[in-house]
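# Structural characterization, general
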Amino acid sequence: MEKEKPIGVFDSGIGGLTVVKRLSSVLPRESIVYFGDTARVPYGSKSNSTVIDYSIQDSAFLLKKNVKAVVVACNTASSIAIPELRKKFDVPVIGVILPGADMAVKETRNKRIGVIGTRATINNQAYSKAIKEIDNKIEVFEKACPLFVPIAEEGWTHHRATYEIAEEYLKELREKNIDTLVLGCTHYPILADVIQEIIGKGVKLIDSGIATAEVVRNEIDRIGLETNSAVPGNLDLYVSDIPTTFKKVAELFLGKNVNEVVKVDIEELHKI
């Protein structure tokens, strides 16, 4: 029965669906329970203690849904809360920082890597530390891009304002001669076309969701929890606010119809 439990995924909003999309591609027969904390997005502007509290509540909600693993599909939470979650919960807890850092190190040729993320992720130097632990000869250049989260939530994938904001954020990274750029927030792949155009076609974009999906597959296999099901898994979506808007953007991004998005009472999360 343990094998047939779903995989739990949480994020501060809709960005974690980029990880869900990759997971569904790599592990199509696994069911997934997703929680997007849309009432409290973004996490990137919150204090570390608040991010830890929210992450514990989010994970506890997923455990109530009987998940066999928790994927922290939020770079901010991954950079801050993973140790606390692993101490508190007796299931595998997998973040997006280390898989993304490892992929970036493998891709760079000139050992100059850029990282964009929320203020919390950048202030905590989460990717810099992870990358330098793998190869301390690599130079890392980080830039906080907080406005990318609300832009992605709005679905402004090719809006004129998105190009202007991207130009403002990315111009200094262009001057650093990077050959690899880590999209250090799960919202950012939604804006990948704009980011690629502004940063330049010669720069490899790193979507940590792709790397994370492979790590999840390896971990599920290692502990013997890969499903025996022969049919595609289900995707159950929960949010803490605006389920109708979330459903529209989720279907647009995932490219398929999704089940009803269920709203979770934020006060119930506080009680967890």
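Residues numbered from 1 in each chain as written. Predicted model: local features only at pLDDT ≥ 70, side-chain atom pairs only at ≥ 80, totals over all residues. Heavy atoms only, no water.

## Some words on the sheet that holds strand β6 (residues 139–144)
Overall, parallel pairing links the four strands, which are arranged β6-β5-β7-β8 in an open sheet. The sheet terminates laterally at β6 and β8 (204–207), the two strands that pair on one side only. The mean inter-strand angle of the sheet, taken between neighbouring strand axes irrespective of direction, is 25°. Where strand β5 (residues 112–117) lies against strand β7 (residues 180–184), five bridges are found, and the strand directions are parallel. (Pairing = 2+ DSSP bridges. Helix = DSSP H or I, 4+ residues; strand = E, 2+ residues; numbered from the N terminus. Axes fitted to C-alpha atoms, helices over the stretch in contact; angles between N-to-C directions.)

## A few points about the packing of aromatic side chains
The geometry of two aromatic rings is summed up by the distance between their centres and the angle between their planes. A complete count under the given rule lists six aromatic pairs for this structure. Between F61 and Y238, the ring centres sit 5.3 Å apart and the planes meet at 75°, which makes this aromatic pair edge-to-face. Placement of F61 in helix α2 (residues 48–64) and of Y238 in strand β9 (residues 235–239) is noted, with a sequence separation of 177 residues between them. A ring pair is formed by F148 and Y188, whose centres lie 5.3 Å apart and whose planes are at 90°; its orientation type is edge-to-face. Residue F148 is found in helix α8 (residues 148–154), and its partner Y188 is found in the loop between β7 and α10 (192–199); the two are separated by 40 residues along the sequence. Taken together, the ring pairs in this structure connect F35, F61 and Y238 into an aromatic cluster. The ring of Y54 carries R40 above its face, with NZ or CZ at 3.7 Å from the centroid. (Phe/Tyr/Trp six-rings, centres within 6.5 Å; stacked < 30°, edge-to-face > 60°. Lys NZ or Arg CZ within 6 Å of the ring centre and 35° of its normal.)

## Some remarks on the sheet that holds β9
In spatial order, the strands read β4-β3-β1-β2-β9-β10; together these six strands make up an open sheet with parallel pairing. Two strands lie at the open edges of the sheet, namely β4 (93–94) and β10 (261–263), each paired on one side alone. Sheet topology note: the strand β1 (residues 7–11)/strand β2 (residues 32–36) ladder contains five bridges and is parallel. In the strand pairing of β2, V9 is matched with Y34. Here helix α1 (residues 17–26) sits on the sheet in contact with β1, β2, β3 (69–72) and β9, set at roughly 170° to β2. (Contact = heavy atoms within 4.5 Å.)

## Quick notes on helix α9 (residues 160–174)
Here α9 is 15 residues long and its end C-alpha atoms lie 20 Å apart, about the 21 Å a rise of 1.5 Å per residue gives. Of the positions making up α9, those classed as buried are T162, A166, Y169, L170 and L173. Buried residues belonging to α9 abut β5, β6, α8, β7 and α10. (Expected span 1.5 Å × (residues − 1). Buried < 20%, exposed > 50% of the residue type's maximum accessible area, 1.4 Å probe, protein only.)

## Points about the state of the cysteines
Taken as a whole and judged by the stated rule, the model has zero disulfides. Free cysteine C74: the closest other cysteine sulfur is in C185, separated by 6.8 Å. Residue class for C74 comes out buried when judged on its relative accessible area of 4%. Taking the relative accessible area as the measure of exposure, C185 reaches 7% and is therefore buried. (Disulfide = S-S within 2.5 Å.)

## Describing the nonpolar core
Of all hydrophobic cores here, the largest spans 53 residues; its most connected members are I116 and I195. Not counting residues up to four positions away in its chain, the partners in contact with I195 are I116, F148, L170, L181, L183, Y188 and L205. Listed in part, the 28 residues of the second largest apolar core include I52, Y54, V72 and L269. (Core = buried A, V, L, I, M, F, W, Y, C linked by side-chain atoms within 4.5 Å.)

## A closer look at unusual backbone geometry
Cis geometry is adopted by the peptide bond preceding P42, which originates at V41 and carries an omega value of 0°. Structurally, the position occupied by P42 is in the loop between β2 and α2. The phi angle at Q125 is positive, at roughly 50°, despite the residue not being glycine. The backbone of I242 sits at a positive phi, close to 40°, despite the residue not being glycine. By secondary structure assignment, the location of I242 is in the loop between β9 and α12 (243–254). In this structure I242 comes out as partly exposed when scored by relative accessible area, which is 44%.

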